[in-house]
Protein chains: 2
Amino acid sequence: MRFCPWAQRALIYASVKNVPSEVINIHLKEKPDWYFSKHYKGQVPALELDEGKKHVIESAHIPEYFYDLFPESRILPSDPYEKVQQKLLLERLAAVAPAFYAAAQAANNPEGRDEKYAALVKAFEDAEKLLTGDFFSGKAKPGFADYLIFPNYQRVFWLSHILPNSPFSSESFPGPNFPKLAKWYRTLDSIPEVAAASQPTEMGVGFFNDYLKGTPNYDYGL
Amino acid sequence: MRFCPWAQRALIYASVKNVPSEVINIHLKEKPDWYFSKHYKGQVPALELDEGKKHVIESAHIPEYFYDLFPESRILPSDPYEKVQQKLLLERLAAVAPAFYAAAQAANNPEGRDEKYAALVKAFEDAEKLLTGDFFSGKAKPGFADYLIFPNYQRVFWLSHILPNSPFSSESFPGPNFPKLAKWYRTLDSIPEVAAASQPTEMGVGFFNDYLKGTPNYDYGL
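Only a predicted model underlies this, so the values are computations on that prediction, with no experimental measurement involved.

### Points about the overall build of chain A
Consideration 1: Along its length, chain A carries 9 helices and 2 strands.
Consideration 2: For chain A, the α and β elements follow one another from N to C terminus as α-β-β-α-α-α-α-α-α-α-α.
Consideration 3: Since a compact globule built from 222 residues should have a radius of gyration of about 17 Å, the 17 Å found for chain A is in line with a globular shape.
Consideration 4: In terms of overall dimensions, chain A has C-alpha extents of about 50 × 45 × 25 Å along its principal axes.
Consideration 5: Buried positions account for 50% of the 222 residues belonging to chain A.
Consideration 6: Considering only intrachain contacts with a sequence separation of at least 6, the fraction spanning at least 24 residues in chain A is 64%.
Consideration 7: Per element, the accessible surface of chain A, about 10700 Å² overall, is 50% carbon and sulfur.
Consideration 8: Charge separation in chain A, taken as the distance between the mean sites of 24 positive and 27 negative side-chain charges, equals 3 Å.

And the structure:
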């Protein structure tokens, strides 16, 4: 699904690692029957290999599989302790995802909106504290946690254009209270491999505008 | 926590891989302050290394960390595709865990009991289908998915002694409708390293009897 942050994780990884791939998008409300032979739950993403003989599913496992398959272009650290810390950091940062979906629901429903916004802001505050250098990798360049969490932040960026009284700025996203995250977001967003795996902002904003009304158009802008 | 299935995952792995370790149990309702310096959420398990300088948390990550740290005694396959399939299989089998907690709630509350039991039976039926050989490893001996899912099945075994009209047999657990799982459970349960990382049945049953009444005694039987 073109606007799915979990599918985008696989696209970014394939792009950064330069793995040749073909992308097949599906309609998430009218899933084709054949897709369940690729992913038993019918969720995205699924990676198909060897002309359909092999499948790897789930947004965090596909990048780890790429790590094992192509160690020469590894993004995860080879040191066991640093490696597991990147995976744990990603899970911690992923608190932004459920907070995003809750805040999105509040776009057209003021009930509980303040609490939902506050939970999303809290996820950003936690991330701002966890970002001790330029990147979540702890290195001079982006790593596993940076690439994989970026799509979730991009969804909040899109949302910041739509949300009534958005707690985030769409100009200098996420805003002046998050100086490290703002620099991080700007840097990640401008990396060619990440941009190549992203939908343009106007597409993302347009898609979510419909999505929040309960009428998502998965072909938006095509 | 002595009866926690997630903590037991780490114990089983340390036992099978023969990693010398000291176990510190904590009281889950009155968590000691110091524990939050080991695990930011205060959950179990946490693995402490290098005299407190390093920590690895989460029940699936500790075994994977052991894999990277001690590859000579690896339990996960070294083939990238087989390895990722074991991890995905574990996540699929882990559907038993939320179904277990829902069924446990039904012990003292008949409302919705049938549906909750049905969901747990469904998780067992799915697992019975996924068990195509003797083990979930697909090999002649237990692997990653076998060791890590065993504690969750053991909790259902304990529960089968307590639940009113239990859909599972505590004699030939899980019962005659699950011939492959029954053999699998008996085999895993009798492995010395697994037994060494397990509480005796009477302890587990006694603990859960109190737990279901809302008065868990984490020191039960001590």
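Next, the rest of the story.
### What to know about helix α1 (residues 5-16) of chain A
All names here are of chain A.
Consideration 1: For α1, with 12 residues, the first-to-last C-alpha span of 16 Å sits near the 16 Å given by 1.5 Å per residue.
Consideration 2: Against the buried residues of α1 lie α2 (61-69), α3 (80-93), α4 (96-105), α6 (144-160) and α8 (192-196).
Consideration 3: Directly after α1, the chain includes Asn18, whose backbone phi takes a positive value near 60°.

### A short note on the packing of aromatic side chains
Consideration 1: Tallying each qualifying case throughout the model produces 54 aromatic pairs over all chains.
Consideration 2: Arranged with centres 5.5 Å apart and planes meeting at 45°, the rings of Phe157(B) and Tyr185(B) form a pair that is tilted. Here Phe157(B) is found in helix α6 (residues 144-160), whereas its partner Tyr185(B) is found in helix α7 (residues 179-189), with 28 residues between them in sequence. Across this residue pair, the class does not change: Phe157(B) and Tyr185(B) are buried.
Consideration 3: Between the aromatic rings of Phe207(B) and Tyr218(B), the centroid separation amounts to 5.9 Å while the plane-to-plane angle is 40°, which identifies the pairing as tilted. Linking Phe207(B) in helix α9 (residues 201-212) with Tyr218(B) in the segment after α9, this pair joins segments that are 11 residues apart in sequence. When sorted by exposure, Phe207(B) lands in the same class as Tyr218(B), which is buried.
Consideration 4: In textbook terms, an aromatic cluster arises when at least three aromatic residues are bridged by ring pairs, as seen for Phe124(A), Phe136(A), Phe150(A), Tyr153(A), Phe157(A), Phe168(A), Phe173(A), Phe178(A), Trp184(A) and Tyr185(A).
Consideration 5: Above the ring of Tyr81(B), the side-chain terminus of Lys54(A) is found at 4.7 Å from the ring centroid.
Consideration 6: The positively charged end of Arg92(B) is found above the aromatic ring belonging to Tyr40(A), 3.5 Å away from the centroid.

### Some words on the nonpolar core
Consideration 1: Among the nonpolar cores identified, the biggest contains 73 residues, and Val56(B), Leu120(B), Phe124(B), Phe136(B), Tyr153(B), Leu181(B) and Trp184(B) are the most heavily contacted of them.
Consideration 2: Here Phe124(B) is in contact with Val96(B), Tyr153(B), Val156(B), Phe168(B), Phe173(B), Pro174(B), Phe178(B) and Leu181(B), once residues within four sequence places are set aside.
Consideration 3: Of all hydrophobic cores here, the second largest spans 72 residues; its members include Phe3(A), Ile26(A), Phe157(A) and Leu181(A).

### What about the UniProt feature "domain: GST N-terminal" (unreviewed entry) in chain A?
Consideration 1: The residues that UniProt annotates with the feature "domain: GST N-terminal" (unreviewed entry) are residues 1-74 of chain A.
Consideration 2: Across residues 1-74 of chain A, the secondary structure splits into 28% helix and 11% strand, with the terminal C-alpha atoms separated by 26 Å.

Basis of the calculations
- Residues numbered from 1 in each chain as written.
- Chains lettered and ligands numbered in written order.
- Predicted model: local features only at pLDDT ≥ 70, side-chain atom pairs only at ≥ 80, totals over all residues.
- Heavy atoms only, no water.
- Helix = DSSP H or I, 4+ residues; strand = E, 2+ residues; numbered from the N terminus.
- Rg over C-alpha atoms; globule rule 2.2 N^0.38 Å.
- Buried < 20%, exposed > 50% of the residue type's maximum accessible area, 1.4 Å probe, protein only.
- Contact = heavy atoms within 4.5 Å.
- Areas by Shrake-Rupley, 256 points an atom, 1.4 Å probe, with all protein chains shown as cover.
- Lys, Arg positive; Asp, Glu negative; His and termini not counted.
- Charge placed at Lys NZ, Arg CZ, Asp CG, Glu CD.
- Expected span 1.5 Å × (residues − 1).
- Phe/Tyr/Trp six-rings, centres within 6.5 Å; stacked < 30°, edge-to-face > 60°.
- Lys NZ or Arg CZ within 6 Å of the ring centre and 35° of its normal.
- Core = buried A, V, L, I, M, F, W, Y, C linked by side-chain atoms within 4.5 Å.
- UniProt positions renumbered as here; feature names shortened; annotations may be inferred.

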